[in-house]
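# Fold and contact review
So the chains spell out like this:
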Amino acid sequence: MLALLEPRGSGRVEGDVASFAQHLHLVRRVVEVARRSSAVPAPEPAPLVDVIGRYLRVETTSWGTCDIHWESAGEGTPVILLATAGSDSRQYHGLLTDARLTSQHRLIAFDLPWHGKSDPPHGRRNTEYSLDSDSYTGCIHAFIQALELDQRPIVVGASMAGAAVVEMAARHPGDIAGAVGAQVGPRVANRLTPWLRNTSVNQALHVPEWTFGLMSPLSTKEERDRVWWGYSQGGFGIYEQDIRYYSHCWDIDNVRHLLTSASPPVVLMNGRYDYSVPPEATQELAELIPTARYHEMPELGHFPHAENAAAFGEHLLWALADIDARRHSVAPGEETPRA
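Cut-offs used in this document
Residues numbered from 1 in each chain as written. Predicted model: local features only at pLDDT ≥ 70, side-chain atom pairs only at ≥ 80, totals over all residues. Heavy atoms only, no water. Helix = DSSP H or I, 4+ residues; strand = E, 2+ residues; numbered from the N terminus. Expected span 1.5 Å × (residues − 1). Buried < 20%, exposed > 50% of the residue type's maximum accessible area, 1.4 Å probe, protein only. Contact = heavy atoms within 4.5 Å. Core = buried A, V, L, I, M, F, W, Y, C linked by side-chain atoms within 4.5 Å. Salt bridge = Lys/Arg side-chain N within 4 Å of Asp/Glu carboxyl O. Disulfide = S-S within 2.5 Å. Polar contact = N/O pair within 3.5 Å; in protein donor to acceptor, adjacent residues only side chain to side chain. Axes fitted to C-alpha atoms, helices over the stretch in contact; angles between N-to-C directions. Parallel < 35°, antiparallel > 145°, perpendicular 65-115°, else oblique. Left-handed = near helix turned anticlockwise from the far one by under 90°.

### What about helix H9 (residues 238-249)?
- The terminal C-alpha atoms of H9, which comprises 12 residues, lie 16 Å apart, in line with the 16 Å expected from a rise of 1.5 Å per residue.
- For H9, the buried fraction is high: 9 of the 12 residues fall into the buried class.
- Those residues of H9 that fall on the buried side of the exposure criterion are Ile238, Tyr239, Glu240, Gln241, Asp242, Ile243, Tyr245, Tyr246 and Ser247.
- Where H9 is buried, its residues contact helix H5 (133-147), helix H6 (160-171), helix H7 (203-212) and helix H8 (221-231).

Right, here's the structure in full:
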């Protein structure tokens, strides 16, 4: 439904806009009943026994001392997994239990301060949270340094985290071996609205509804519902501040001069069902980065890693292999669009 509205669509809301924001869940239900779409069967859940969660004390430049919660699984090349705006590492449980990935890689997902199981930094109030390029990449940099890994990791993220991995390649190239970003364009507009922080709107209901329609109808209902559930649990204003970074701070022109042919290899991927970041936007971004390749994911939407972990895992394996090949100066074959 939201995809039909201006500025990308041709529709608009007439009447009480506040009531519309308060009742997005009813609007979506009407659309679902009208479509009468059949549910995609949910995959069998993989055991979580090999996923280990722990805390790490990290000293950040912007926020000070942070106790960061992180989860890991697998052995091999380290891969840092970054959650989308307002979310946390639970988005990656599907990948953390994917033996195709964990047999070759050590997957590490962590919660930013104020997100998930990571509390606000020591000495900081709940309401002090804000995010910009310096604090975001600075936290990722500090976390990687605190891990004391024996090799540089590859960073992976979608949406605002897709922007962050490009910023890491530009601002902290010595930290990483490569970057995989999804659902990100040269810049993003029209995702920040006054309803994301308005006290007359129930954020635990509005935010998950605001994001639900970005996912592919080909993804399973259970996995899409889990994304919804995760978005119903964020602290007040956290999603809005994250989207403020994505909408106001992220712009490839801010870091383009730092990206050269010597920068870490980058793979940029796009799920075709995402109306907020269409494929051509991600393709445009890839063309602006000397070390970037573009890869389409025709069956996925804005939260590919969470809405259909099995499908995204296949695309991620391709991206990680591509980065590894380029790091070792082996020219992989040209990308072949998937049917």
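Text resumes after the structure shown.
### Some words on the nonpolar core
- Phe110, Phe143, Tyr246 and Trp250 are the most contacted members of the largest nonpolar core, which totals 66 residues.
- Sort the elements by how many residues they give to this core and H6 lands first, with 9 residues.
- Once residues within four sequence positions are removed from consideration, Tyr246 is found in contact with Ser159, Met160, Ala163, Gln183, Val184, Val188 and Val277.
- Core analysis: the next-biggest nonpolar cluster, separate from the first, contains 27 residues, Leu81, Val267, Ala309 and Ala311 among them.

### Examining the pattern of salt bridges
- Scanning the entire structure with this criterion turns up 15 salt bridges.
- For the salt bridge of Asp88 with Arg90, the shortest nitrogen-to-oxygen distance reads 3.0 Å.
- Among the residues examined, Asp88 registers a relative accessible area of 8% and is labelled buried.
- We classify Arg90 as partly exposed; its relative accessible area is 37%.
- With a shortest N-O distance of 2.5 Å, Arg244 and Glu240 are connected by a salt bridge. Residue Arg244 and its partner Glu240 are located together in helix H9, separated by 4 residues, close to a single helical turn.

### Examining the state of the cysteines
- Within the structure shown, the criterion is met by 0 disulfides.
- Lacking any disulfide linkage, Cys139 is separated from the closest cysteine sulfur, that of Cys66, by 5.7 Å.

### Observations regarding the side chain of Ser263
- Its location among the elements puts Ser263 in the loop between helix H10 (252-255) and strand E7 (266-271).
- Residue classification places Ser263 among the buried residues on the basis of a relative accessible area of 10%.
- Among the polar contacts made by the side chain of Ser263, one reaches the main-chain amide nitrogen of Thr260 at a distance of 2.8 Å.
- In contact with Ser263, other than residues within four places in its own chain, are Ala169, Leu258 and Thr291.

### As for the packing of H6 against H9
- Contact geometry for H6 and H9: axes closest at 10 Å, N-to-C directions at 50°. Comparing the axis directions of H6 and H9 gives the class oblique. Remark: the crossing between H6 and H9 carries left-handed chirality. When H6 is examined against H9, the residues Met160, Ala163, Ala164 and Glu167 are found in contact with a partner set consisting of Asp242, Tyr245 and Tyr246.

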